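Below, each chain spelled out in residue letters.
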Amino acid sequence: MSTPARLTPIPSPTIAPSAARDFDFLMGPWRIRNTRLVRRLAGCHDWEVFDATGTARPLPGGIGNFDDFTPLAWKPGYVGMALRVFNPMTQRWSIYWLDNLTGGLDPANGLLLPPVVGGFQGGVGLFEGEELFEGRPVRVRFEWSQMHTGAPRWQQAFSDDGGATWEVNWVMEFARPV
């Protein structure tokens, strides 16, 4: 009779409490003031401003969170959702954007579109990725700031030159409902 093979335990990933809880500031309901560039990567300087509501909620087991985004008048019927998933091995976040226009899915294969990936450092969250915009590849950057103020700010920027220059094209300013 042979002796049973000895199993080596796989260590559990160490989750830095601060990293896994980076988005705790966002939990709950919000009023969101949006300032959005009318045309992106086109030399446009015209901005539209509109309000939206949203509520952020945790996912089970501390694996991330999600929020809904409902504009009050902009694009009637539009609904969006951010899905944020935390990777305890890399200590980084992947953020996916889903909406009722595209589902957030690649039409060629039905998979989720690529996320922006990153984390928080020095009181700012930076997340970058690649996407197609009007059929051409661009870098996209999400930046979170002012989390400690109770009125966080998010902005999105695109780069069509590999990150040498960035055009901010959407800003969201969050406030708690009164």
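Look above for the structure.
A few points on the structure. (Residues numbered from 1 in each chain as written. Predicted model: local features only at pLDDT ≥ 70, side-chain atom pairs only at ≥ 80, totals over all residues. Heavy atoms only, no water.)

Focus on the overall build of the chain
In terms of helices and strands, the chain carries 1 helix and 10 strands. For the chain, with 178 residues in total, the buried portion stands at 36%. Surface exposure of the chain reaches about 10700 Å², of which carbon and sulfur atoms provide 59%. (Helix = DSSP H or I, 4+ residues; strand = E, 2+ residues; numbered from the N terminus. Buried < 20%, exposed > 50% of the residue type's maximum accessible area, 1.4 Å probe, protein only. Areas by Shrake-Rupley, 256 points an atom, 1.4 Å probe, with all protein chains shown as cover.)

Concerning the side chain of arginine 40
Here arginine 40 is to be found in the loop between strand E1 (28-37) and strand E2 (47-58). One buried charged side chain, arginine 40, makes no salt bridge at all; its nearest oppositely charged neighbour is glutamate 131, positioned 5.6 Å away. (Lys, Arg positive; Asp, Glu negative; His and termini not counted. Salt bridge = Lys/Arg side-chain N within 4 Å of Asp/Glu carboxyl O.)

Thoughts on the side chain of aspartate 99
Summarising the element assignment, aspartate 99 is placed in strand E5 (residues 92-99). No salt bridge is formed by the buried aspartate 99, whose closest oppositely charged neighbour, lysine 75, lies at an N-O distance of 7.3 Å. A polar atom in the side chain of aspartate 99 sits 3.5 Å from the side chain of tryptophan 97. A distance of 2.8 Å separates the side chain of aspartate 99 from the backbone nitrogen of threonine 102, its partner in a polar contact. Aspartate 99 has contacts with Tyr78, Val79, Gly80 and Gly104, leaving out every residue within four places of it along the chain. (Polar contact = N/O pair within 3.5 Å; in protein donor to acceptor, adjacent residues only side chain to side chain. Contact = heavy atoms within 4.5 Å.)

Quick word on the sheet that holds strand E7 (residues 124-133)
The sheet built from 10 strands closes into a barrel, its strands ordered E1-E2-E3-E4-E5-E6-E7-E8-E9-E10 with antiparallel pairing. Shown here is a sheet whose adjacent strand axes are inclined to one another by a mean of 25 degrees, direction ignored. In this sheet, strand E3 (residues 64-71) lies alongside E2 in antiparallel orientation, the contact comprising 5 bridges. If you follow alanine 52 over to E3, its bridge partner there is proline 71. (Pairing = 2+ DSSP bridges. Axes fitted to C-alpha atoms, helices over the stretch in contact; angles between N-to-C directions.)

Points about the pairing of E1
Of the strand pairs in this sheet, E1 and E2 are connected by 10 bridges, and their pairing is antiparallel. Across the sheet, the residue bridging to threonine 35 is valine 49, located in E2. Sheet topology note: the E1/strand E10 (residues 167-175) ladder contains 6 bridges and is antiparallel. The partner of threonine 35 across the bridge, within E10, is valine 171.

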